[in-house]
Amino acid sequence: MMRPRPRFLTWLCAVALLPLVSAVSAQSTRKPITQDVYDLWRTISGATLSPDGKWAAYTVSPVVGEGDLVLRATGGTTEYRQPRGYTGRAQLLAAADSAAQFSPQPAEFSADSRFVAFVRYPPKRDVEAARRTPSGPPVPQPRNSLGIVSVSDGSATWVQRVRSFRFARDGGRYLAYLLESDTAAAVSRLEPGSTLIVRELATGAEARIESVTSYLFDEGERVLAYTTAAADHAKDGAWIRELASGTVMALASGKGNYRSLALDRHGAQAAFVSDRDEPDAAVPRYALYYASLEAPKGSKTIAPAQKVVSAGTVGGSVVIADHGRVDFVRDGSALQFALAPAPRDTIPSDSLFDKAVYDLWHWQDTKLQPQQRIDAARDRNRTWAAVYQPAVNRWVRLGTDSLTDVTLADNGRIALALDSVEYAIAQTWGEGGSDAFLVDPTSGARTLVAKHLAFGATLSPSAKYVTFFADGRWQAHAVATGKKVDLTAGIKDVRFENELFDMPDARPSYGLGGWVKDDARVLVYDRFDVWEVDPAGVALPRNLTAGAGRQKGITYRVVNLGGEDRFLDPARPLIVRAFDNETKASGYAKASLGASSSPETLVMGPKNYGALQKARKAEQYLMTQQTYREFPDLWTGAAIASLARISNANPQENEYTRGDVELVSWYNDDGIRLQGLLYKPERFDPSKKYPMITYFYERLSDGLHNYLMPTGTNNVNPHVYSSLGYLVFEPDIVYTEGFPGPSAAKAIVPGVQSLIARGFVDPKRLGISGQSWGGYQTAYVITVTHMFAAAVPNATVVNMTSAYGGIRWGPGISRQWQYEHNQSRIGGSLWEYPERYIENSPLFKLDRVTTPVFFMADDADNAVPWYQGIEFYLAMRRLKKEAYLIVFNGDVHNPTKRANQKEIDKKMQEFFANKLLGAPAPEWMVHGIPYLDKGRDQLKKATTTGAEIPEESESPRPQLN
């Protein structure tokens, strides 16, 4: 039985179901959501405010196609648009670049807010022409250009073939940009020099500097530093240009490579690495150079850079990295650089032609061979941190093979290092961790802080404390004294470990909210509230939100609007985001450091408010707000409580159907109250009976007010399916350790039954679907109930006993950790709990299944072994159960090729339509597709529709794997 819904929840759902006023009159003429309209929807990216807060810039892009840069006044209605080129990139190859989908570089304002610079990408036709040339001469790659817009009138200046550009953070007078090189790289160089333009923005006057390879401004726009690589090697070097006078001074020059250029924040120091001592060596070694940019007393010119770390002083097996990190700490007192292993001899490509080629797996390897292969490029280029201190002219190596994670303090006086080598093998099955050490940058001496930390450790901004979370408590280690303080010991009856975490592993914390100036206090989260604690352990803890979060079921989290400021300012109000865990309403509120009071609400309502930012030099705010029916457009104003919308990315929205969403609740079979989302078709009639598809993962109800783009992938998109006449139900699931399958069934089945009891769900037309972990749960549920008429369990595990011993091919790691300590929640090894592995495996119960299934298992799946799909298919076939398996060749866990995304979307719709709507079975369900006919259906489709090469869609809805 369902308990009565709280009045506020009832009101909230009523508001959520109200259509937009402009949409009411258009309901009778709305068009359905079909594949051919997915790409009409646009996204907003790179939104930013000008430093003075008077302008906002953002990029609006279609899913596939060319986007625009929008420059919009935050007061009034003035708006300028400039083309950005092909920002909505299609993916034509399966799994290609799947780890990094194209994202346009955000536009940047000058520090005085008078200009905006941005990259304009080539048009779609040029990009596609360059990558669609299977034969014949190669087509030249199209080049980017630079747009410079004056905010005074929106006029644009265009510069062709630009590689990169830079403003000074606190300048505004100059813009520097590097042109594309027309010269091929020489054999001895990784990057040829090109022309650097230094443009005075107000006048348009330009200075040209030839053969530049790298460049940067100091923050205050006092100097420009750059390196050169010229045909005349006498002009190779590292240089400083005084911007006020135009005077150029050589830091170092002569034949050689000059790389990893760095300036301190004030433009008072410079550093770089160079092989100028041995530029003609087969494998040249680099030295570290340092220069003070302050002229010696009595001189008008700076002294040349000094070689402060020679190549021969770092050891025979170690070199100074030529492309490693070189930068000054925040206060400029120390210079961090990188060491690397000496280059290894390469093996000629044809030397193993007639030799045995194999991998040897050793039982004491810290990483499995597949992981070593995946990590090979990173391992070849691994570096170790080192530090040079100009005041004492001394350098020290900080990192080693074991101390690979090193954080140097802002003042350069201490470093925090993590060592995970001791636990590397145990990490294979989920029992890893790291030891934390403090390292003295003057001597290299180590001091142990803590051992076997599951969640690592962090250094406070002023480097007075190391904080870490262990055994459910936050602890602080004083750097000066070594004293440890349990930060949360004085807070009774409150848990700082995640209360909802239900995996068989160490519970993570809710996190830290930031530090007060001089490390005086640190903010700590419990599930709902924000606590201010003294890391020295002297002052009593203070609940900044006065327990209002726990009392009201609202989670408060700090929003740091200080930009690059490392501290929270006690003189300014503390802005916190608020999220109501019951109703899913959200907003922002104001609290105060050093006080304990209920936060003052600034904005709160049945929406998802997010992405809050503040102008650097003005009291102007920018944020998004969204609901299921409202796209997250941009809103701005001088106060968070009073904002106006300044974007309209999807004006076509009202032309197409969009149903409604309702927050529902029920009790699982263990008596635990759960929540879920019910998406309804437009003009929903509760007196009718609808087909319903249940789609889930773990917990999705917090997304009640998330806008959903219509898209087609291997997941069920509620916007699309509700437009097709389905109800879509997304139930939350809670888990009992050792029984993930039964836990899912105990949540999902009662949830579906509770909706059937309301009278508008047709119990004979129920579908169920999930991807990855959701696919596993789908496969399990249909073994214990016959209520579903169709199931789509994509990329699923069906046999935990075989999957346990498999490899997660994306990172190349063992799958054992997932079952023992993570998502699969078995809680132990196969040898400890063999019955659990069998009991939770759908494979061993498939003889009970009556539900027809259609599912995807791609043969390059990088998360779930694709042979799990084979086991599923062969078992269903052997048992004479209706089953259809689709395998996208060469594609991964979530297909990345646009055509593959559309095909799985199409076939899922056809399968559900046949089983739940009574539509005729498509040809592939009747006769299959024999191997000799493979691809003919695609050719026929292209011929009959006149379609071009398929283009890429929006990436799949984010899912854990």
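Worth saying up front: this structure is predicted, and the values here are computed from it rather than measured. (Residues numbered from 1 in each chain as written. Predicted model: local features only at pLDDT ≥ 70, side-chain atom pairs only at ≥ 80, totals over all residues. Heavy atoms only, no water.)

### Things to note about the pattern of salt bridges
Tallied over the full model, the rule gives 56 salt bridges. A salt bridge links Arg550 to Glu499, with the nearest nitrogen and oxygen atoms 3.3 Å apart. Of this pair, Arg550 sits in helix H7 (residues 548–552) while Glu499 sits in the loop between strand E32 (484–486) and strand E33 (512–515), and the two are 51 residues apart along the sequence. According to the relative accessible area criterion, Arg550 is partly exposed, its value standing at 33%. Note that Lys680 is salt-bridged to Glu662, the shortest N-O span being 2.8 Å. Of this pair, Lys680 sits in strand E46 (residues 673–680) while Glu662 sits in strand E45 (residues 660–667), and the two are 18 residues apart along the sequence. Like Glu662, Lys680 is buried. (Salt bridge = Lys/Arg side-chain N within 4 Å of Asp/Glu carboxyl O. Helix = DSSP H or I, 4+ residues; strand = E, 2+ residues; numbered from the N terminus. Buried < 20%, exposed > 50% of the residue type's maximum accessible area, 1.4 Å probe, protein only.)

### A word on the sheet that holds strand E43 (residues 633–639)
Taken in spatial order, the four strands make up an open sheet running E41-E42-E43-E44, and their pairing is antiparallel. Every other strand in the sheet has two partners, leaving strand E41 (608–614) and strand E44 (642–645) as the edge strands with one partner each. For this sheet the average axis-to-axis angle between neighbouring strands, irrespective of direction, equals 30°. By the bridge criterion, five bridges tie E41 to strand E42 (residues 621–626) in an arrangement that is antiparallel. Across the sheet, Asn608 pairs through a bridge with Gln626, a residue of E42. (Pairing = 2+ DSSP bridges. Axes fitted to C-alpha atoms, helices over the stretch in contact; angles between N-to-C directions.)

### With respect to the sheet that holds strand E35 (residues 530–533)
Pairing within the open sheet is antiparallel, and its four strands lie in the order E33-E34-E35-E36. The sheet is open, and its two borders are formed by E33 and strand E36 (542–543), each paired with just one other strand. By the bridge criterion, four bridges tie strand E34 (residues 522–525) to E35 in an arrangement that is antiparallel. Directly across from Tyr525, in E35, lies its bridge partner Val530.

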